[in-house]
Amino acid sequence: MKSYQKLTTAVLQPAACRVEEEGAAQMSAGRRKLAPWCVGSGLLVAAVLLSAITVWVLRQVSVGWPRPTLPPKCLLVPESHRFDCYPERHVVVTQELCESRGCCFIESPPPAGGKQGVPWCFYPPDFPSYTLDSLNQTALGMVGLLVRREKAYYPRDIEMLRLDVEFETDTRLHIKITDAANPRYEVPLEVPRAMKRAENPIYSLDFSRDPFGVLLRRRATGTVLLNTTVAPLIFADQFLQIATSLPSRFLYGLGEHRGTLLHSLDWSTLTLWARDVSPTESFNLYGAHPFYLLMEEGGDAHGVFLLNSNAMEVALQPAPGLTWRTIGGVLDFYIFLGPDPNMVIQQYQQVIGFPAMPPLWALGFHLCRWGYGSSNETWQTVRAMRNYQIPQDAQWNDIDYMDGYRDFTFDPQKFASLPSLVEDLHKHGQYYVIILDPGISSTSPHGSYWPFDEGLKRGLFLNTTQGQPLIGQVWPGFTAFADFSNPDTHQWWLENLQHFHAHVPFDGLWIDMNEPSNFMDGSEDGCPPGELDSPPYTPAVLGDSLSAKTVCASAKQKASVHYNLHNLYGLMEAKATASALTQIRGKRPFVISRSTFPSQGRYSGHWLGDNRSQWKDMYYSIPGLLSFSLFGIPLVGADICGFSGSTSEELCTRWMQLGAFYPFARNHNTQNEKAQDPTVFSPAARTAMKNALLTRYSLLPFLYTLFHRAHLQGDTVARPLFFEFPWDVATLGLDRQFLWGRSLLVTPVLEPGVDSVTGYVPRGVWYDFYTGSSVNSSGEMLKMSAPLEHLNLHVREGAILPTQKPGTTSEATRGNPLRLIVALSSSATAWGDLFWDDGESLDTFERGSYSYLVFNVTQNIFTSTVLHASTEATEVTIGTLSIFGVREPPSKVLLNGQEKPFSYLDNQVLTVSDLGLSLSQGFSLRWL
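The rules behind each value
- Residues numbered from 1 in each chain as written.
- Predicted model: local features only at pLDDT ≥ 70, side-chain atom pairs only at ≥ 80, totals over all residues.
- Heavy atoms only, no water.
- Helix = DSSP H or I, 4+ residues; strand = E, 2+ residues; numbered from the N terminus.
- Rg over C-alpha atoms; globule rule 2.2 N^0.38 Å.
- Buried < 20%, exposed > 50% of the residue type's maximum accessible area, 1.4 Å probe, protein only.
- Contact = heavy atoms within 4.5 Å.
- Areas by Shrake-Rupley, 256 points an atom, 1.4 Å probe, with all protein chains shown as cover.
- Lys, Arg positive; Asp, Glu negative; His and termini not counted.
- Charge placed at Lys NZ, Arg CZ, Asp CG, Glu CD.
- Pairing = 2+ DSSP bridges.
- Axes fitted to C-alpha atoms, helices over the stretch in contact; angles between N-to-C directions.
- Core = buried A, V, L, I, M, F, W, Y, C linked by side-chain atoms within 4.5 Å.
- Salt bridge = Lys/Arg side-chain N within 4 Å of Asp/Glu carboxyl O.
- pLDDT = per-residue confidence, 0-100.
- Parallel < 35°, antiparallel > 145°, perpendicular 65-115°, else oblique.
- Nonpolar A, V, L, I, M, F, W, Y, C, P; charged D, E, K, R; others polar.
- Phe/Tyr/Trp six-rings, centres within 6.5 Å; stacked < 30°, edge-to-face > 60°.
- Lys NZ or Arg CZ within 6 Å of the ring centre and 35° of its normal.
- Disulfide = S-S within 2.5 Å.
- Left-handed = near helix turned anticlockwise from the far one by under 90°.
- Polar contact = N/O pair within 3.5 Å; in protein donor to acceptor, adjacent residues only side chain to side chain.

Q: Before we go on, may I ask you to explain the overall build of the protein chain in this structure?
A: Helix and strand content of the protein chain: 17 helices and 50 strands. Relative to its length of 928 residues, the protein chain is compact, with a C-alpha radius of gyration of 29 Å against a globular reference of 30 Å. Overall, the protein chain is about 85 × 75 × 60 Å in size when its C-alpha atoms are taken along their principal axes. Taken across its 928 residues, the protein chain has 63% of its residues classed as buried. Counting only contacts in the protein chain whose residues sit at least 6 apart along the sequence, the fraction spanning at least 24 positions is 70%. When the accessible area of the protein chain is evaluated, it comes to approximately 32700 Å², of which 53% is carbon and sulfur surface. Computed over 72 positive and 90 negative side-chain charges, the inter-centroid distance for the protein chain is 4 Å.

Q: Which parts of the structure should I look at to understand the pairing of strand β33 (residues 744-747)?
A: For a regular strand, side-chain orientation follows a simple rule: the groups alternate between the two sheet faces. Along β33, one buried face is formed by Leu744 and Val746 and the opposite face, lined by Leu745 and Thr747, is buried too. Taken together, the 3 bridges between strand β32 (residues 738-740) and β33 define a ladder with antiparallel strand orientation. Within β33, the residue paired with Phe738 across the bridge is Val746. Connecting β32 to the antiparallel partner β33 that follows it, the hairpin turn spans 3 residues, and Gly741 within it adopts a positive phi of roughly 60 degrees. Summarising the sheet, β33 and strand β38 (residues 792-796) pair through 4 bridges and their orientation is antiparallel. Directly across from Thr747, in β38, lies its bridge partner Asn792.

Q: Help me understand the sheet that holds strand β6 (residues 172-179), please; the structure alone is not making it clear to me.
A: The strands making up a sheet are joined through hydrogen bonds of the backbone, oriented either antiparallel or parallel. Spatially, 8 strands are ordered β3-β4-β5-β6-β18-β15-β14-β12 in an open sheet, and the strand pairing comes out antiparallel. Every interior strand has two partners, whereas the edge strands, β3 (130-137) and β12 (250-255), have only one. With direction set aside, neighbouring strand axes in the sheet form an average angle of 15 degrees. Two strands pair when backbone bridges link them, and β6 and strand β18 (residues 331-336) are joined in this way by 6 bridges, in the antiparallel orientation. Each residue of the ladder has a partner; that of His174, found in β18, is Tyr334.

Q: Looking at this structure, I do not really get the nonpolar core. What am I missing?
A: Nonpolar side chains in soluble globular proteins generally cluster together in the buried interior. Within the largest apolar cluster, 236 residues are counted, with the highest numbers of intra-cluster contacts made by Trp324, Phe862 and Leu925. The next biggest cluster of nonpolar side chains, apart from the first, holds 27 residues, and it includes Val93, Ile234, Ala243 and Ala553.

Q: For this particular structure, what's the right way to read the pattern of salt bridges?
A: Side chains that carry opposite charge are capable of pairing whenever their charged atoms lie near each other. In total, this model carries 40 salt bridges according to the counting rule given. The partner of Asp157 in a salt bridge is Arg148, and the shortest N-O contact between them spans 3.9 Å. Arg148 matches Asp157 in its accessibility class, with the two residues each being buried. Ionic pairing is found between Arg742 and Glu724, a salt bridge with its closest N-O pair at 3.8 Å. Of this pair, Arg742 sits in the loop between β32 and β33 while Glu724 sits in helix α15 (residues 721-724), and the two are 18 residues apart along the sequence. Here the residues in one salt-bridge network are Asp276, Asp512, Glu515, Arg594 and Asp610, joined through shared partners.

Q: Explain the confidence of the model for the protein chain to me, please; I cannot follow it from the model alone.
A: It should be kept in mind that the predicted coordinates are not to be read in detail where pLDDT is low. Of all residues in the protein chain, 93% attain a pLDDT of 70 or more, and the chain-wide mean is 93. Segment residues 1-66 is flagged for pLDDT under 50; beyond a separation of four residues in sequence, or across chains, it makes 115 contacts in the model.

Q: Where do I start with the sheet that holds strand β24 (residues 477-481) in this structure?
A: If you trace the 3 strands from one edge of the open sheet to the other, you get β22-β24-β23, paired in antiparallel fashion. Each end of this open sheet is capped by a strand with a single partner; those strands are β22 (439-441) and β23 (472-474). Neighbour-to-neighbour, the strand axes of the sheet open up by a mean angle of 60 degrees, direction not taken into account. Where β23 and β24 come together, 3 bridges link them in antiparallel fashion. Paired with Gln473 across the strands is Phe478, a residue of β24.

Q: Got a minute to help me understand unusual backbone geometry in this structure?
A: Going from Asp210 to Pro211, the amide bond is cis rather than trans, its omega being 5 degrees. Topologically, Pro211 is positioned in the loop between β7 (203-208) and β8 (213-218). In this chain, Gly338 is followed by Pro339 through a cis amide linkage whose omega measures 15 degrees. Inspection of the secondary structure puts Pro339 in the loop between β18 and α4 (341-352). In this structure, Phe408 takes a positive phi of about 65 degrees despite not being glycine. Tracing the backbone through its elements, the reader meets Phe408 in the loop between β20 (394-397) and α6 (418-427). Overall, Phe408 belongs to the buried group, its relative accessible area being 12%. Positive phi, normally seen in glycine, also occurs at Asp544, with a value near 60 degrees. Mapped onto the elements of the fold, Asp544 is located in the loop between β25 (508-511) and α9 (562-565). Relative accessible area serves as the criterion here: at 48%, Asp544 is assigned to the partly exposed category.

Q: Would you explain the packing of helix α12 (residues 649-659) against helix α13 (residues 683-698) in this entry?
A: Helix packing geometry: the angle between the two helix axes and the distance between the axes. Two elements in contact, α12 and α13, have axes whose closest approach is 8 Å; the angle formed by their N-to-C orientations is 10 degrees. Relative to α13, α12 is oriented roughly parallel. Across the interface between the two elements, Glu649, Cys652, Thr653, Met656, Gln657 and Gly659 from α12 touch Ala685, Ala688, Met689, Ala692, Leu693 and Arg696 from α13. Partitioning the contact of α12 with α13 into residue classes produces 7 nonpolar, 3 polar and 2 charged.

Q: For this particular structure, what's the right way to read the pairing of β12?
A: For β12, a buried count of 5 out of 6 residues is recorded, marking the element as mostly surrounded by other parts of the structure. The pairing of β12 with strand β14 (residues 289-295) spans 5 bridges and is antiparallel. If you follow Gly255 over to β14, its bridge partner there is His289.

Q: Just checking my understanding: could you explain the packing of aromatic side chains for this structure?
A: The relative placement of two aromatic rings is captured by the distance of their centres and the angle of their planes. Evaluation of the coordinates by the stated rule reveals 50 aromatic pairs. Arranged with centres 6.1 Å apart and planes meeting at 70 degrees, the rings of Phe725 and Trp727 form a pair that is edge-to-face. Here Trp727 falls in the exposed class, since its relative accessible area comes to 59%. Above the face of the Tyr86 ring, Arg101 is positioned so that its terminal group lies 3.7 Å from the ring centre.

Q: For this particular structure, what's the right way to read the state of the cysteines?
A: One way to say it: the disulfide is the covalent bond shared by the sulfur atoms of two cysteines. Enumeration over the complete set of coordinates arrives at 5 disulfides. Across the disulfide, Cys74 is cross-linked to Cys104 (sulfur-sulfur distance 2.0 Å). Because the sign of the S-S torsion sets the handedness, a value of about -75 degrees for the bond joining Cys74 and Cys104 places this disulfide among the left-handed ones. Placement of Cys74 in helix α2 (residues 72-75) and of Cys104 in strand β1 (residues 104-105) is noted, with a sequence separation of 30 residues between them. Each of the two residues, Cys74 as well as Cys104, counts as buried. The disulfide bridge from Cys85 ends at Cys103, spanning 2.1 Å between sulfur atoms. In this structure, the disulfide formed by Cys85 and Cys103 twists by about 75 degrees around the S-S bond and is classed as right-handed. Placement of Cys85 in the loop between α2 and α3 (95-100) and of Cys103 in the loop between α3 and β1 is noted, with a sequence separation of 18 residues between them. Taken as a pair, Cys85 and Cys103 share a single burial class, namely buried.

Q: Got a minute to help me understand the packing of helix α8 (residues 487-503) against helix α10 (residues 569-585) in this structure?
A: For the pair α8 and α10, interaxial distance at closest approach is 9 Å and the crossing angle is 45 degrees. The angle between the axes of α8 and α10 places the two elements in the oblique class. When the axes of α8 and α10 are compared, the crossing they make is right-handed. Along its contact with α8, which presents His490, Trp493, Leu494, Leu497, Gln498 and His501, the element α10 presents Met572, Glu573, Ala576, Thr577, Ala580, Gln583, Ile584 and Arg585. Residue classes in the contact of α8 with α10 are distributed as 7 nonpolar, 5 polar and 2 charged.

Q: What's the story with the environment of Thr596 in this structure? I'm lost.
A: One can find Thr596 in the loop between β26 (591-593) and β27 (605-607). Note on Thr596: relative accessible area 1%, which makes it buried. Sequence-distant contacts of Thr596, defined by excluding residues within four places in its chain, comprise Tyr286, Gly287, Ala288, His289, Asn567, His606, Phe628 and Ile633. In this structure the side chain of Thr596 is engaged in a polar contact, spanning 2.8 Å, whose partner is the side chain of His289.

In structure tokens form, the structure reads like this:
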């Protein structure tokens, strides 16, 4: 009898005792080490078996319902370790159905509230799986052959699989399982190729031979990170499943979903299939990100990425354990060993690509609504914002600017003055962004709508199985859908945008409805019968069908069928759009996309979709933006004040304060609701909103530098607290606060009718951003005053933040003097940096057209060192230095050896003003 390993990280069970001796020398060594456990675990199994049977007998007697005798092997499996053998939804799983699959059937009471609970049908310990038939060394790792001798229960089971293992770096392992005989669809994503085998990996890899399984450990701690012997591997043509134990319950990622940052492992299933639906808990949303980050005990972290774009679900259970189920492609895993969470995310982005550097104006405040109704009304809003001197970098329009909701047109009556509005924005150092949808109207008379006519002529739309354009319905009515997997479509998209830009010189593009969304299920003719539209297994997608509110999975695209490419649609459109914008404007592209997939950050940012004007939606935006930080898409935010429904003055004020700290900050509203831009509220609320935006604009140099670090090496911008304090278990579930970088703590108010907020302040000294007063925390929840006009911001000890006197646009702000905020550590040191360029040119870092400065404090001496200089830096001056935490009043301050006047306050803040130093010159300032 094969014995599947029970989920544990402390004790290795019998499966791990049998390790294939071919291949790695470490495998035989691993075998020798494991031998003593075989005896101990045998005794443990016997004890567990006896206790399980006893409990079961007592339960039957107490309940009083007779049951057929269960095999002891089924009773051996504890509830939390039962891996689901019958995951099909909307099927009442009977004992007969379950046992027809060769699985164990034990009913258990259903949980309250209609949630998922313990599976009644689960794998027995001896369920047939693959055997590792051979394993041989390669230059980069190993290659093996997996053989299944008994068919599983899904059609077209693949009997022989190829296992490829590559030790790519000391912190990255690549494991790929695919059909040994026939090629299969693989995601067309550029990934780095390792040139040599890692020399000192921080992980060790063992295999179980029969049943086949992977055992991955962290060398330093011995922690088992993956153990796939816990359930059988299934690899059929349209059903691929692999499960693993997890070393802890602290799991994050697996987007796009609405929920807490930290996932519940209480029998929850997360589905990945791009879908247009207002963010709702438990639904599959706009994007697909098959990547998770897991925090181990002691503060280490690792990540796992499944490079697969098919419809997928990830089942989580309290063991703790996780099951990947996908209905196509291959099992292509990358594992990132960190060991800290920041490094895991950097290593992930080394595979999928680092995010693009946004233009500076992208980090300003954006304003939009659906339903301005005209260009004149849009213009009035812009003028009102200027009148109140409220910062704004970009004005947007939703689909109401279009003529009949058709792409690349504008309404000749209501939006006649649009070109003049855009010209006016540009004169004031502001920018214009329009929405575009991928559904191209198909009903205009032939010859009257070039985008459709030309797309049809060139064969650039998704086709039905019959080879005709698939027709669905979106805003303009009947539409065809552009096939962005075809390079020719990118050229057509560029030409359309060039034609429109000649009339309306937009600066950025907002690509919506790109799941792709369809108001019909499939097409105007439905979807054909067959296993693409009706596969043997459908993951738990909203609507219970792959074609629900999208196109048929059987639709033909240039690169493959839509069944394989659906989750890539938004990524491919973003790639075409960023490329077109670059060619049209010759500057850094600004694209915001609704649907996303790994590597999206290279081409676009993301907004969190059609939220509601409710307090809970404001809260959910924080785990949303932090999750996208993990996914390598740092330019992210939610619709400030909420999209649908009607906001209140209090909600909108609090949301503007929070939204001022979204990396991407846009207030957006739906049609037929009252306006919610800052100008329409009472003077008190308007002032509070304005002040929050002024604070954001003052921090643009700091934020821009964070984006540079994201672009350069994959640092996160908005960051969960546990990234900086991974050993502090109190931070692992925090998602009502966040950090910018490593040093600015944002604690927003997320509920109505309060004038204080309770937030966690990690161990150490933190300074009030506005006053410089210090808080010395032991790592505790602190109650902070939070009247309606106040957002709590704290600076971490040891940081230096470059800030600037704010203007009403990023362009106006750029020319103002800098103020450097120094937050001294308890040992009176601090460090910070500043990246500075022209804010819009392509590849400034790569071309060397930038300045980079490092700031340092030791022994009462502040030093600014210019590590790289460019002409832009000569136009900016450093005006003020504010040093928080200077314990003794200085007697004098010396700038480059010359005495300077200064002020010193009782709260230990030293300020030196009127410095007038060019950013391009290094300097030192000393206080005695």
